[in-house]
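If you want the building blocks of each chain, they are given just below.
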Amino acid sequence: MSDPREEFLAGRRPDDVALFLADSFVSDDRLERFGDRVDGGVVMVVDGERGRSAFQAATGTGAMEFAQSAMGRESPIADDLTDGTCPDDAGEGDHDPQFVFAFAEERNEDVGGIYADGDVVHAYARCECGTAYSDRWNANAEPDA
């Protein structure tokens, strides 16, 4: 049996989106029917349209609007989509992600850069402190640190 998250992170599910919802942000045991229980929350990989709807329902904001707001600040997001490094973490308070939204984009040599090197995973996170940030990396490769 294949692992949807592994397939997504390998760039083999470009029509799907991945969501991580932290237990501290939303506690609904029903989410486990749609994803995998991980330390601190649930990760799900679902059809793009259903995923964007689920993201909206869970967070109260549109997925693409959130992604646009997070694009202005880059900071590492774990390649398993369950953790990140808040750019506002000064060592005080909690700075764990409340949620992560991600999608994969197929290789595009015409665009150049990392897009010419292979499929690209785009990930967007919101920290407990409210800061939104983003990261991107080539599928099957470690994200930029």
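Note: the structure precedes this text.
Residues numbered from 1 in each chain as written. Predicted model: local features only at pLDDT ≥ 70, side-chain atom pairs only at ≥ 80, totals over all residues. Heavy atoms only, no water.

A.B. asks: Can you help me understand the overall build of the protein chain in this one?
C.D. replies: Looking only at helices and strands, the protein chain features four helices and six strands. Secondary structure elements of the protein chain occur, N-terminal to C-terminal, as α-β-β-β-α-α-β-α-β-β. Relative to a compact globule of 145 residues, whose C-alpha radius of gyration would be 15 Å, the protein chain shows 14 Å and is just as compact. The principal-axis extent of the C-alpha atoms belonging to the protein chain is close to 40 × 40 × 25 Å. Burial status across the protein chain gives 46% buried among its 145 residues. (Helix = DSSP H or I, 4+ residues; strand = E, 2+ residues; numbered from the N terminus. Rg over C-alpha atoms; globule rule 2.2 N^0.38 Å. Buried < 20%, exposed > 50% of the residue type's maximum accessible area, 1.4 Å probe, protein only.)

A.B. asks: Looking at this structure, I do not really get the environment of Gly 40. What am I missing?
C.D. replies: Counting through the fold element by element, Gly 40 comes out in the loop between strand E2 (36-38) and strand E3 (41-47). Put simply, Gly 40 and Asn 138 are 98 residues apart on the chain and 25 Å apart in space, counted from C-alpha to C-alpha.

A.B. asks: Mind showing me how you'd approach the pattern of salt bridges here?
C.D. replies: Pairing between side chains of opposite charge can happen when the charged atoms of each approach one another. Considering all chains together, one arrives at six salt bridges under this definition. A salt bridge links Arg 37 to Asp 23, with the shortest nitrogen-to-oxygen separation between them at 2.8 Å. Of this pair, Arg 37 sits in strand E2 while Asp 23 sits in the loop between strand E1 (16-22) and E2, placing them 14 residues apart in sequence. Arg 37 gets classed as partly exposed once you look at its relative accessible area, which sits at 40%. For Arg 107, the salt bridge identified is with Glu 109, shortest N-O distance 3.2 Å. For Glu 109, a relative accessible area of 55% puts it in the exposed group. (Salt bridge = Lys/Arg side-chain N within 4 Å of Asp/Glu carboxyl O.)

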